[in-house]
Amino acid sequence: DVKVTQSSRYLVKRTGEKVFLECVQDMDHENMFWYRQDPGLGLRLIYFSYDVKMKEKGDIPEGYSVSREKKERFSLILESASTNQTSMYLCASSPGQPNTEAFFGQGTRLTVV
Amino acid sequence: DAKTTQPPSMDCAEGRAANLPCNHSTISGNEYVYWYRQIHSQGPQYIIHGLKNNETNEMASLIITEDRKSSTLILPHATLRDTAVYYCMGRGAGSYQLTFGKGTKLSVIP
């Protein structure tokens, strides 16, 4: 069974902390994605990566960075967490060929206090 | 990627067919139509995609109009477990991105 695993289901962090959200996929997929989901705004793409060490900005990259040192792992970094980054964060992966389905993790609900 | 429009919510009686419409009048010739759904507190789940022809799999059928400006996702016998938000999106042939809109919240009523 295909699997995208996010390291935490729930996370509470303080304002100004550096936060790492980890995502691991076991399907040898080339592409990996980070989205955030907020009520009324749907899913918005933060960053995606199409290969190791490669990354592209999505629609809302401000305040975030990413790291992909290994094919199976894609990390989202909040350098200095702020309360407006309280959200549900979803990781996804897909094969390198276009027009293939993406698989999503269960999400990390991050609260910044 | 094409902008899509979906009704914000729909109800369907359990056991009946659920027909979810999507308008994508700006879709280009090489863009596929994708459908995902998101059950509460879970990550989105792929349902089906198509380019021109109608498609069917074990989950649903996808009907795309001949002019490709709209499509309908059909769940033939809706169950309570099909209660979810359903997202329609266009995706270019060479595109790796998925751009989600606000989707349709489908409520299946016993």
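Because the structure is predicted, anything quoted here is derived from the model rather than measured.

Participant: Before we go on, may I ask you to explain the pattern of salt bridges in this structure?
Facilitator: Think of it this way: side chains of opposite charge can pair up when their charged atoms draw near. In total, this model carries seven salt bridges over all chains according to the counting rule given. Residue D28 of chain A pairs with K71 of chain A through a salt bridge whose shortest N-O separation is 3.1 Å. Remark: K71 of chain A occurs in the loop between β7 (65–70) and β8 (73–78) and D28 of chain A occurs in the loop between β3 (19–25) and β4 (31–38); sequence separation between them is 43 residues. On the accessibility criterion, K71 of chain A (25% relative accessible area) is partly exposed. Here D82 of chain B and R37 of chain B are joined by a salt bridge, their closest N and O atoms 2.8 Å apart. Placement of D82 of chain B in the loop between β7 (70–75) and β8 (84–92) and of R37 of chain B in strand β3 (residues 31–38) is noted, with a sequence separation of 45 residues between them. Per residue, the accessibility class of D82 of chain B equals that of R37 of chain B, and both read buried. Look at the salt bridges and you will find they share partners, linking D28, E30 and K71 of chain A into a network.

Participant: Explanation requested: the state of the cysteines in the structure shown.
Facilitator: Defined simply, a disulfide is a covalent bond joining two cysteines at their sulfur atoms. Scanning the entire structure with this criterion turns up two disulfides over all chains. With a sulfur-sulfur separation of 1.9 Å, C23 of chain A is cross-linked through a disulfide to C91 of chain A. Since a negative S-S torsion denotes a left-handed disulfide, the C23 of chain A-C91 of chain A link at about -80° is left-handed. With a gap of 68 residues between them, C23 of chain A in strand β3 and C91 of chain A in strand β9 (residues 87–94) connect regions that are remote in the sequence. Pair check on accessibility: C23 of chain A and C91 of chain A agree, each one buried. What pairs with C22 of chain B in a disulfide is C88 of chain B, and their sulfur atoms sit 2.0 Å apart. Across the disulfide from C22 of chain B to C88 of chain B, rotation about the S-S bond amounts to roughly -75°, and the bridge is consequently left-handed. Highlighted residues: C22 of chain B in strand β2 (residues 18–23) and C88 of chain B in strand β8, separated in sequence by 66 residues. For the pair C22 of chain B and C88 of chain B, a shared accessibility class is recorded, and that class is buried.

Participant: In this structure, what is going on with the environment of L20 of chain B? I would like to understand it.
Facilitator: In this structure, L20 of chain B sits in strand β2. Discounting residues that sit within four places of it in the chain, L20 of chain B has contacts with M10, W35, S71, T72, L73, L75, Y86, T104 and L106 of chain B.

Participant: I would appreciate a short explanation of the sheet that holds β7 of chain A in the present structure.
Facilitator: Strand pairing in a sheet relies on backbone hydrogen bonds, with the paired strands running either antiparallel or parallel. All names here are of chain A. Within the open sheet, the four strands sit side by side as β1-β3-β8-β7. Their pairing is antiparallel. This sheet does not close on itself; its edge strands, each paired only once, are β1 (4–6) and β7. Neighbour to neighbour, the strand axes of the sheet diverge by 20° on average, direction disregarded. As defined by bridge partners, β3 adjoins β8 across six bridges and the pair is classed as antiparallel. Within β8, the residue paired with F20 across the bridge is I77.

Participant: Any chance you could explain the sheet that holds strand β9 (residues 104–109) of chain B here in plain terms?
Facilitator: Residues and elements named next belong to chain B. Within the open sheet, the five strands sit side by side as β1-β9-β8-β3-β4. Their pairing is mixed. The sheet is open, and its two edges are formed by β1 (9–13) and β4 (45–50), each paired on a single side. Taking each pair of neighbouring strands and ignoring which way they run, the sheet shows an average axis angle of 25°. Bridge count for β3 against β4 is five bridges, and the pairing is antiparallel. Residue pairing for β4: V33 is matched across the bridge by G50.

Conventions adopted
Residues numbered from 1 in each chain as written. Chains lettered and ligands numbered in written order. Predicted model: local features only at pLDDT ≥ 70, side-chain atom pairs only at ≥ 80, totals over all residues. Heavy atoms only, no water. Salt bridge = Lys/Arg side-chain N within 4 Å of Asp/Glu carboxyl O. Helix = DSSP H or I, 4+ residues; strand = E, 2+ residues; numbered from the N terminus. Buried < 20%, exposed > 50% of the residue type's maximum accessible area, 1.4 Å probe, protein only. Disulfide = S-S within 2.5 Å. Contact = heavy atoms within 4.5 Å. Pairing = 2+ DSSP bridges. Axes fitted to C-alpha atoms, helices over the stretch in contact; angles between N-to-C directions.

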